[in-house]
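# A structural walkthrough
Here is what each chain is made of, one letter per residue.
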Amino acid sequence: MKVSMGEQTLRSSRERMTILGDVEAASFVPWIERHASKLGLAQAICAAGPDRIELDIAGPAELIDMMEMGCSLGPIDVWVEAIRRAPIESESG
């Protein structure tokens, strides 16, 4: 019996991603939005400051992992110290 990879990929996660470091470059938030879009992730920036960006992100866990990797490498004009991730509990019960 074959296990379909598609079944795993379809499972969606919702997380709060907090990016810490020197992230005040004006280019970083648009970069995050473009990168999430390219990966097919839904995202919403919750807070953005010189040392922290918080965003809610939703999509397949593997793609959220890719988003984290992309943000950690980020554009040349930011320095990411750490990325914290926390699940967002589903509001529907």
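Read on for a plain summary of the structure. This one's a predicted model, so the numbers in the text were calculated from it and none came from an experiment. (Residues numbered from 1 in each chain as written. Predicted model: local features only at pLDDT ≥ 70, side-chain atom pairs only at ≥ 80, totals over all residues. Heavy atoms only, no water.)

Before going further, it helps to spend a moment on the overall build of the protein chain. Within the protein chain one finds three helices and four strands. For the protein chain, the α and β elements follow one another from N to C terminus as α-β-α-β-β-α-β. For the protein chain, the residues scored as buried account for 30% of the 93 residues in total. For the protein chain, the proportion of contacts with a sequence separation of at least 24, taken over those separated by at least 6, is 72%. Taken as a whole, the protein chain presents about 6100 Å² of accessible surface, with 55% of it coming from carbon and sulfur. (Helix = DSSP H or I, 4+ residues; strand = E, 2+ residues; numbered from the N terminus. Buried < 20%, exposed > 50% of the residue type's maximum accessible area, 1.4 Å probe, protein only. Contact = heavy atoms within 4.5 Å. Areas by Shrake-Rupley, 256 points an atom, 1.4 Å probe, with all protein chains shown as cover.)

Here the focus is the packing of helix α2 (residues 28-39) against helix α3 (residues 61-73). Following both chains from N to C, one finds α2 and α3 inclined at 150 degrees, their axes separated by 10 Å at the closest point. What the angle tells us is that α2 and α3 run roughly antiparallel. As α2 runs across α3, the sense of the crossing is right-handed. Counting all contacts with α2, which are made through Phe28, Trp31, Ile32, His35, Ala36 and Leu39, the residues of α3 involved are Leu63, Met66, Met67, Gly70 and Cys71. Of the residues assigned to the contact of α2 with α3, the class counts are nine nonpolar, two polar and no charged. (Axes fitted to C-alpha atoms, helices over the stretch in contact; angles between N-to-C directions. Parallel < 35°, antiparallel > 145°, perpendicular 65-115°, else oblique. Left-handed = near helix turned anticlockwise from the far one by under 90°. Nonpolar A, V, L, I, M, F, W, Y, C, P; charged D, E, K, R; others polar.)

Assignment of secondary structure puts Glu15 in strand β1 (residues 12-22). Sequence separation of Glu15 and Ala86 is 71 residues, and the distance between their C-alpha atoms is 5.4 Å. A polar contact of 2.6 Å, which involves the side chain of Glu15, links it to the side chain of Arg85. (Polar contact = N/O pair within 3.5 Å; in protein donor to acceptor, adjacent residues only side chain to side chain.)

Another aspect to go through is the side chain of Glu15. Residue Glu15 is classed as buried on the basis of its relative accessible area of 11%. Setting aside its immediate chain neighbours within four residues, Glu15 contacts Leu55, Asp56, Ile57, Ile64, Arg85, Ala86, Pro87 and Ile88.

One open sheet holds the four strands; their spatial order is β2-β3-β1-β4, and the pairing between them is antiparallel. Two strands bound the open sheet, and with one partner strand each, they are β2 (42-48) and β4 (79-87). Across the sheet, the axes of successive neighbouring strands diverge by a mean angle of 20 degrees, strand direction being ignored. Sheet topology places β2 next to strand β3 (residues 52-60); six bridges connect them, and they run antiparallel. Bridge assignment links Ala47 to a residue of β3, and that residue is Glu54. Set on the sheet, α2 makes contact with β1, β2, β3 and β4; between it and β2 the angle comes to about 165 degrees. (Pairing = 2+ DSSP bridges.)

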